Amino acid sequence: MSILIGIVPLVLIILIIASVIGIKKGNEESVERGNEMIKTVYVYLILFATLMMTIGGTVAAFMAVADIVAPSGYYQSFEQYKMQPQYKGEIPTPANPTQTLSDAELKEQYDRIVNDERSLTKQRAQNSLIKSFGWIIVPLPIFLYFQRKVKQPV
């Protein structure tokens, strides 16, 4: 994308210089061709930008669907979860400061955390999918409109 930011102004400057040179020569036909060339380059730049936006949105949508279908796994195993200091089975409460949790209770907490993380990942992927459709739906009509403006070969 940064290359496009550098190339577009360069192309426009070259086209403007070519048009000015055509105007200075006083040749009406040259001026008209220069203006037509600027319009053509503008249309192709719009086509290129909207096509890139649509392709980017399509790729992002595909990645979001992949995250919905197969979300990434939880990064921590149950054994690692058990070894954390706050989950070693000792959760002090005001009533019983030395209360310990059994492995079954810890496993239940761990499973709940894993399920919550999985549902959160799916929710984020759905949000990303909706945003990706925006990157497809918004530029696509513009692309189609300007594509019709391009003259078809006879």
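Just above, that's the structure.
Residues numbered from 1 in each chain as written. Predicted model: local features only at pLDDT ≥ 70, side-chain atom pairs only at ≥ 80, totals over all residues. Heavy atoms only, no water.

Asker: I'd like a rundown of the overall build of the protein, residues and numbers included.
Answerer: Each helix and strand in the protein was counted, giving 5 helices and 0 strands. Secondary structure elements of the protein, listed N to C terminal, follow the sequence α-α-α-α-α. Put simply, the protein has 154 residues, and 19% of those count as buried. Summed over its atoms, the accessible surface of the protein is roughly 11,600 Å², and 65% of this surface lies on carbon and sulfur atoms. (Helix = DSSP H or I, 4+ residues; strand = E, 2+ residues; numbered from the N terminus. Buried < 20%, exposed > 50% of the residue type's maximum accessible area, 1.4 Å probe, protein only. Areas by Shrake-Rupley, 256 points an atom, 1.4 Å probe, with all protein chains shown as cover.)

Asker: Residues and numbers for the packing of helix H4 (residues 103-137) against helix H5 (residues 139-149), please.
Answerer: One way to put it is that H4 packs onto H5 with a least axis distance of 4 Å and a crossing angle of 15°. Between H4 and H5, the interaxial angle falls into the category roughly parallel. For the pair H4 and H5, the contacting residues are Gly134, Trp135, Ile136 and Ile137 in the first and Pro139, Leu140 and Pro141 in the second. The residue inventory of the contact of H4 with H5, partitioned by class, reads 6 nonpolar, 1 polar and no charged. (Axes fitted to C-alpha atoms, helices over the stretch in contact; angles between N-to-C directions. Parallel < 35°, antiparallel > 145°, perpendicular 65-115°, else oblique. Contact = heavy atoms within 4.5 Å. Nonpolar A, V, L, I, M, F, W, Y, C, P; charged D, E, K, R; others polar.)

Asker: Residues and numbers for H4, please.
Answerer: An ideal rise of 1.5 Å per residue puts 51 Å on 35 residues; H4 measures up with 51 Å between its terminal C-alpha atoms. Among all positions of H4, only Leu106, Gln109, Tyr110, Val114, Thr121, Ala125, Leu129, Ser132 and Ile136 are buried. (Expected span 1.5 Å × (residues − 1).)

Asker: Give me the lowdown on the side chain of threonine 50, citing residues and values where you can.
Answerer: Counting through the fold element by element, threonine 50 comes out in helix H2 (residues 28-69). A polar side-chain atom of threonine 50 sits 2.8 Å from the main-chain carbonyl oxygen of isoleucine 46. Filtering out sequence-adjacent residues up to four positions away, threonine 50 remains in contact with Pro139, Ile142 and Phe143. (Polar contact = N/O pair within 3.5 Å; in protein donor to acceptor, adjacent residues only side chain to side chain.)

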